[in-house]
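Next come the chains, spelled out residue by residue.
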Amino acid sequence: MNNESPESVGIGEVKVGKSPLSFQAVALGSCVGVALYDSTFKVGGLAHIMLPTKGENIAQNDLGKFADTAIPLLVQKLSEIGGGRARLVAKIAGGAKMFDFKRMNERQADIGSRNVEAAKSVLTSLGIPIIAEEVGGTYGRTMILHLSSGDVEIISLSQKIRKII
Amino acid sequence: MHDFEGDDRLNQMLRDALQELGNIGVAHSATALSQILNRKVDMSVPRVTLVRVEEMYKRISNNPGEVVVGIASETLGDGKMDLLFILDEPSTKTLLSALRAGEIPPLTDLAELDKEILVEVGNIILLHCVSAMNTFTGLRLYPMPPSIAVDMNNAIIQHMINKDGEYKRHMISVEVDIFTETMNIKGVVFMFPDQTELDKLMEQLYGEGWDVI
């Protein structure tokens, strides 16, 4: 594990790199973080996704915000630096419900769980196995991907959780 | 949604309308807070800005992981407006110590009672923002009981950005300083009025057909 502080991946960003780099998505709430890793060449990347699906008239530089465009973009960027699609594994985190509203007629699930579902279904359709997840709940998480090991560190300040998945 | 990056004049008119809305909301909140705190409360002229969603957390702190208090509500009625009031740790502590005796713990260890106090204060601020919108537009919006989260800055803000599953690029930020002779509290209200509310607001200020001038 390197001691340098991880590079930040903000909302809608998709970043890839090689060991010994590390990436972090700070304070995922209802957003979902998708980490992909190729352990053979120790390359990987992180996407900080905001919504399940891309709507109409979305600019090219907004593609990282949606699960259905961000994950394929992450896979493509990884292939450019030697990450073989067949070797990729995924770890996902986030998708919380930060506020609990008492509504009379909730028509659909909260956006956090919809983001998680969308990420899972895109990964499945690309044939990338999800080997670990830390999703749902009512609290924010910071997700750190260490490319030296493929470990993903999860930190929740409000729940005082710090663990590796 | 209006393209905030588009026509400069429209942009300026919308900004003025929102500034006026902010002024009224804040003036009313100050009166209500004076009653709770039992002392004279002044509020600064609110700073109204349109913020890109990626940059919202910076209105609170440059650290997206900083623990803050968020109080969120949304309206029913003639339109749906999303609202979020945020207080950072120093402001929360100042506010709580003005309202109750004893030590104030770190934010992540706040007791239920403290959270209830904060919800009440947040409720007052948000109620007056909605009431200002109603007065201005003639719409009838009813705010839902608010809900509180104490967590990382960016995690709380994400709720506003994507809760309806719709893609938003900008949010309206109303920043205000609340002060008395002995304390200074910085609070930020984020609002996301829908198209109906914005249209009504503009119509009241600029007359019908404002958008085709």
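Above: the structure in question.
A quick note: this is a predicted structure, and the numbers were derived from the prediction, not measured.

**Remarks on the overall build of chain A**
- Across its full length, chain A holds two helices and ten strands.
- In chain A, the order of α-helices and β-strands from amino to carboxyl end is β-β-β-β-β-α-β-α-β-β-β-β.
- In terms of overall dimensions, chain A has a C-alpha envelope of 50 × 40 × 25 Å along the principal axes.
- Put simply, chain A has 165 residues, and 50% of those count as buried.

**Some thoughts on the sheet that holds strand E6 (residues 89-94) of chain A**
All names here are of chain A.
- What the five strands build is an open sheet, ordered E2-E5-E4-E6-E7; its pairing is mixed. Across the chains shown, the open sheet's two edge strands, defined by having one partner strand only, are strand E2 (14-18) and strand E7 (130-135). Strand-to-strand twist across the sheet, computed as the mean angle between neighbouring axes with direction ignored, equals 15°.
- As paired elements, strand E4 (residues 32-38) and strand E5 (residues 43-49) share seven bridges and run antiparallel to each other. By the bridge assignment, Ala35 is partnered in E5 with Leu46.
- Strand contacts of helix H1 (residues 67-80): E2, E4 and E5, with the helix running at about 160° to E5, the strand carrying the most contacts.
- Each of E4, E5, E6 and E7 is contacted by helix H2 (residues 111-125), which is oriented at about 25° to E4, the strand it contacts most.

**Describing the nonpolar core**
- Judged by nonpolar contacts, the single largest core of 112 residues is most densely connected at Val34, Leu36, Ile49, Ile71, Leu74 and Ala119 of chain A.
- With eight residues, helix H3 (residues 112-137) of chain B is the largest single contributor of residues to this core.

**Some details on the interface of chain A and chain B**
- Contact residues are listed per partner, giving 25 residues for chain A and 24 residues for chain B.
- Those elements that provide at least two residues to the side of chain A that touches chain B are strand E3 (22-28) and H2 of chain A.
- Broken down by element, the side of chain A that touches chain B gets its largest block of residues, three residues, from E3 of chain A.
- Residues that form the side of chain A that touches chain B fall into these classes: 14 nonpolar, eight polar and three charged.

**With respect to the sheet that holds strand E9 (residues 152-156) of chain A**
Residues and elements named next belong to chain A.
- The strand order E1-E3-E8-E9-E10 describes an open sheet built from five strands, whose pairing is mixed. The sheet terminates laterally at strand E1 (7-8) and strand E10 (161-164), the two strands that pair on one side only.
- One ladder, built from four bridges, connects strand E8 (residues 141-146) with E9; its direction is antiparallel. Note on E9: the bridge partner recorded for Met143 is Ile154.

**Quick look at the environment of Gly33 of chain A**
Residues and elements named next belong to chain A.
- Examined against the element boundaries, Gly33 turns out to sit in strand E4.
- For Gly33, a count of 30 C-beta atoms within 10 Å corresponds to the buried category.
- When the C-alpha atoms of Gly33 and Asp151 are compared, they prove to be 14 Å apart, with 118 residues separating the residues in sequence.
- Not counting the four nearest positions on each side in its chain, Gly33 is found in contact with Ala25, Leu28, Leu46, His48, Ile92, Ala93, Gly94 and Met143.

**Brief notes about the packing of H1 of chain A against H2 of chain A**
All names here are of chain A.
- Packing of H1 against H2 leaves a shortest axis separation of 9 Å and a crossing angle of 45°. Compared by their axis directions, H1 and H2 come out oblique. Relative to H2, the crossing made by H1 is right-handed. Packed against H1, whose contacting residues are Ala67, Asp68 and Ile71, the element H2 presents Asn115, Ala118, Ala119, Val122 and Leu123 at the interface.
- Its residues assigned to classes, the contact of H1 with H2 shows six nonpolar, one polar and one charged.

**As for H1 of chain A**
All names here are of chain A.
- With 14 residues, H1 should cover 20 Å at 1.5 Å per step; its first-to-last C-alpha distance of 20 Å lies within 8% of that length.
- Buried-residue contacts for H1 involve E2, E4, E5 and H2.
- Just downstream of H1, Gly82 is the residue with a positive phi angle, here 100°.

Conventions used here
- Residues numbered from 1 in each chain as written.
- Chains lettered and ligands numbered in written order.
- Predicted model: local features only at pLDDT ≥ 70, side-chain atom pairs only at ≥ 80, totals over all residues.
- Helix = DSSP H or I, 4+ residues; strand = E, 2+ residues; numbered from the N terminus.
- Buried ≥ 20, exposed ≤ 12 C-beta atoms within 10 Å, placed from the backbone.
- Pairing = 2+ DSSP bridges.
- Axes fitted to C-alpha atoms, helices over the stretch in contact; angles between N-to-C directions.
- Contact = placed C-beta atoms within 7 Å.
- Core = buried A, V, L, I, M, F, W, Y, C linked by C-beta atoms within 7 Å.
- Nonpolar A, V, L, I, M, F, W, Y, C, P; charged D, E, K, R; others polar.
- Parallel < 35°, antiparallel > 145°, perpendicular 65-115°, else oblique.
- Left-handed = near helix turned anticlockwise from the far one by under 90°.
- Expected span 1.5 Å × (residues − 1).

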